[in-house]
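# Coordinates in review
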Amino acid sequence: MDESIKIVEVGPRDGLQNEKHHLTVPQRMALIEDLIQAGLRHIEVGSCVSPKWVPQMANSTELFQQLPKRNDVQFSLLTPNIKGFQAAQAVNCKEVAVFTAASQSFTHKNINCTIEESLENFSELIQLAKQQHILVRGYVSCMVDCPYEGAIDPQHVVKVVKALLDMGCYEVSLGETIGTATPDRIKKVWEACLAEVPADQLAGHFHNTYGMAIANIHQSILQGIRTFDSSIAGLGGCPYAKGASGNVSTEDLFYLVSQMGFETGINLPALMQASKNISEVLHRTNQSHYANAYWQQCN
Ligand code: HMG
Ligand code: MG
């Protein structure tokens with residue numbers, strides 16, 4: 001098979017935004033350098049959000065300015081509003097991500113507005129981005145369940161995904177924010193989306209709270225999705241989704257898709273080193289099954 005899977009590494013953003021241990025800019029840079037060495041070519045570097053809301057992501061623009069000049073790596077920043085977008089633009093960021101949800105309660109807790117208000121703000125942001133040739137990715141959280149409202153109607157998801165694509169997002173990543181979904185439920189959401197939107201404009205962002213992320217990704221691949229977000233060592237979690245654990249690990253995602261015959265561009269020994277390094281820096285048990293098995297076999 002000569003098909004490839006695009007991996008969007010969200011470790012430096014989603015992975016660190018909920019950590020008790022706040023990393024310094026040099027520590028965050030060391031992680032990003034490790035990820036580049038590992039062959040990751042789409043890296044979400046941080047967030048331009050209020051440091052009062054998410055202190056772990058403070059100084060993301062300072063970090064962005066120090067990134068190595070690499071034309072082969074797409075670095076992005078999360079921007080919830082125009083203020084965040086302007087901060088990203090000021091450091092010459094060429095891709096930003098806007099984020100909302102298919103649940104009103106989650107949107108309110110996360111970005112302090114309604115879904116409709118968030119879309120209105122993004123419409124202006126995306127217009128500005130188009131003028132500057134800055135790419136905009138969209139996120140829709142709570143693709144299956146919301147921590148406050150429970151099950152979400154797939155048609156609500158479709159509505160928000162379409163609104164973001166119609167405004168000019170080049171791709172929308174659907175967030176399984178609290179990791180409760182199983183493949184049967186994921187299948188229904190993709191079926192609803194794929195009835196209206198091509199697969200190459202969609203991505204999956206799976207958290208692994210109940211250990212279902214890899215099964216959900218496998219299901220998504222069967223339905224034609226080829227872009228997935230993941231986080232080194234399975235770091236991650238949203239401060240506004242209590243109890244939700246990390247993202248699917250990049251290592252486990254790599255194992256699944258490479259065994260299925262997909263290209264990823266990953267350098268395995270460097271990926272393992274990146275995984276080991278960040279777990280040590282955070283004094284954290286590595287959440288990747290693959291990385292743990294790999295290091296056990298090496299010892
Ligand atoms: P607000 O309080 O409604 O904003 O927050 P405001 O416009 O009233 O401003 C309040 C203060 O924030 C002001 O400062 C603003 O200047 C400042 P003050 O006068 O009090 O000193 N402010 C900002 N500062 C820095 N950067 C900005 C910015 N905007 C306003 N961009 C706001 C609204 C969106 C700012 C706030 O709710 C916020 O920062 N939320 C953080 C949300 C977040 O980062 N969540 C985690 C990421 S999303 C996620 O993890 C899910 C995902 O992974 C997918 C999935 O898993 O489902 C993507
Ligand atoms: Mg997330």
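The structure contained in this document is the topic of the report that follows. Keep in mind it's a predicted model, so treat the numbers as computed, not measured. Residue positions are given per chain, counting from 1 as you read along its sequence in written order. For naming, the first written chain is A and the first written ligand is 1, with later ones following in the order written. Local features are withheld for residues below a pLDDT of 70 in this predicted model, meaning they are given only at 70 or higher, and side-chain atom pairs are given and counted only at 80 or more; totals for whole chains, interfaces and linings count all residues. As a rule here, side-chain values cover all heavy atoms of the structure and leave hydrogens and water aside.

## Description of unusual backbone geometry
The line we're drawing: Secondary structure elements follow DSSP: runs of H or I of four or more residues count as helices, runs of E of two or more count as strands, with numbering from the N terminus.
For N92, which is not a glycine, the phi torsion comes out positive at approximately 65°. Secondary-structure assignment places N92 in the loop between α4 (82-90) and β4 (95-101). At H133, a position not held by glycine, the phi torsion is positive, near 60°. Checked against the element boundaries, H133 lands in the loop between α6 (115-131) and β5 (135-141).

## Description of the packing of aromatic side chains
The criterion, for reference: Note on ring pairs: Phe, Tyr and Trp rings are taken, using the six-membered ring of Trp, and paired if centres are within 6.5 Å. Classes follow the plane angle, with under 30 degrees stacked, over 60 edge-to-face and the rest tilted. Throughout this description, buried means an accessible area under 20% of the type-specific maximum (1.4 Å probe, protein chains only), exposed means over 50%, and partly exposed covers the range between.
Counted according to the given criterion, the structure contains 5 aromatic pairs. Considering the side-chain rings of F254 and Y290, the 6.5 Å spacing of their centres and the 70° angle between planes classify their relative orientation as edge-to-face. With F254 in helix α10 (residues 250-259) and Y290 in helix α12 (residues 289-298), the pair connects residues that are 36 residues apart, well separated along the chain. Taking the relative accessible area as the measure of exposure, F254 reaches 10% and is therefore buried. Among the residues examined, Y290 registers a relative accessible area of 19% and is labelled buried.

## Focus on the nonpolar core
Note the threshold: As used in this record, nonpolar core signifies buried Ala, Val, Leu, Ile, Met, Phe, Trp, Tyr and Cys residues forming a set joined through side-chain atoms within 4.5 Å.
Counting residues in hydrophobic clusters, the biggest one holds 102 residues, and the most contacted among them are F75, V161, L164, L174 and W190. Among the elements that take part in this core, helix α7 (residues 154-167) stands out by supplying 7 residues, more than any other.

## A look at the coordination of the magnesium ion (ligand 2)
Six octahedral donors around a metal ideally sit at 90 or 180 degrees from one another, while four tetrahedral donors ideally sit at 109.5 degrees. The cut-off we apply is this: Coordinating donors are taken as N, O and S atoms within 2.8 Å of the metal, stretched to 3.2 Å for Na, K and Ca; because water is absent from the atoms, sites can appear incomplete.
The magnesium ion (ligand 2) binds to the protein through D14 (OD), H205 (NE2) and H207 (NE2); the donor distances cover 2.0 to 2.3 Å. Read N to C, the donor residues that coordinate the magnesium ion (ligand 2) are spaced as D-x190-H-x1-H. Within this pair, whereas D14 is found in helix α1 (residues 11-15), its partner H205 is found in strand β9 (residues 202-206), the two being separated by 191 residues in sequence. In terms of burial, D14 and H205 fall into one category: buried.

## Brief notes about the pattern of salt bridges
To be explicit about the condition: For this document, the term salt bridge refers to a Lys or Arg side-chain nitrogen within 4 Å of an Asp or Glu carboxyl oxygen.
Applying the stated criterion across every chain yields a total of 13 salt bridges. A salt bridge links R13 to D14; the nearest nitrogen and oxygen atoms lie 3.6 Å apart. In this pair, the class of R13 matches that of D14, namely buried. A cluster of three or more residues bridged by salt bridges with shared partners is formed by K6, R137, E171 and D229.

## Notes on the packing of α6 against α7
We count it as follows: Note on method: axes are straight lines fitted to C-alpha atoms, helices fitted across the in-contact stretch only, with angles between N-to-C directions ranging 0 to 180 degrees. To sort the angles, those under 35 degrees are grouped as roughly parallel, those over 145 as roughly antiparallel, those from 65 to 115 as roughly perpendicular, and the leftovers as oblique. Should the near helix be turned anticlockwise from the far one by less than a right angle, the crossing is left-handed, and should it be turned clockwise, the crossing is right-handed. Working rule for contacts: check all heavy atoms of both residues, and any pair within 4.5 Å makes them a contact. In this count, Pro and Cys sit with the nonpolar residues alongside Ala, Val, Leu, Ile, Met, Phe, Trp and Tyr, while Asp, Glu, Lys and Arg are called charged and the others, Gly among them, polar.
One way to put it is that α6 packs onto α7 with a least axis distance of 9 Å and a crossing angle of 20°. The angle between α6 and α7 places the two elements in the roughly parallel class. You can see that α6 and α7 cross each other, and the crossing is right-handed. Mapping the contact onto sequence places I115, L119, F122, S123, I126 and K130 in α6 and V160, A163, L164 and M167 in α7. Tallied by class, the residues present in the contact of α6 with α7 amount to 8 nonpolar, 1 polar and 1 charged.

## Examining the environment of K6
Position of K6 relative to the elements: it lies in strand β1 (residues 6-9). It is 22 Å that separates the C-alpha atoms of K6 and A195, two residues lying 189 residues apart in sequence. With residues up to four places along the chain from it excluded, the contact list for K6 reads H42, Y170, E171, R226, T227 and F228.

## Side note on the environment of T285
Counting through the fold element by element, T285 comes out in the loop between α11 (268-281) and α12. Of the residues examined, T285 reaches a relative accessible area of 60% and is grouped as exposed. The spacing of T285 and A233 is 52 residues in sequence and 8.6 Å in space, taken between C-alpha atoms.

## Quick notes on helix α8 (residues 183-194)
As a reminder of what qualifies: Here the expected span of a helix is defined as 1.5 Å times the quantity of residues minus one. Taking the helix axis as origin, the arc is that swept by the directions to the C-beta atoms.
Between the first and last C-alpha of α8 there are 16 Å, a value that for 12 residues agrees with the 16 Å anticipated at 1.5 Å per step. All of the buried residues along α8 are I186, V189, W190, A192 and C193. Down the axis of α8, the buried set is contained in an arc of 160°. They therefore lie on one face. Those residues of α8 hidden inside the fold are in contact with α7, β8 (171-176), β9 and α9 (213-222).

## Looking at the side chain of N286
Stated precisely, the cut-off is as follows: Residues adjacent in sequence count toward polar contacts only when both atoms are side-chain atoms; beyond that, a polar contact is any pair of N or O atoms within 3.5 Å, and within protein one must be able to donate a hydrogen and the other to accept it.
Checked against the element boundaries, N286 lands in the loop between α11 and α12. A relative accessible area of 10% places N286 in the buried class. Engagement of the side chain of N286 in a polar contact is seen with the side chain of S279, the distance being 3.4 Å. In this structure, N286 is in contact with A233, E251, S275, S279, A291 and N292, ignoring residues within four places of it in sequence.

In short, geometric facts, not functional conclusions.
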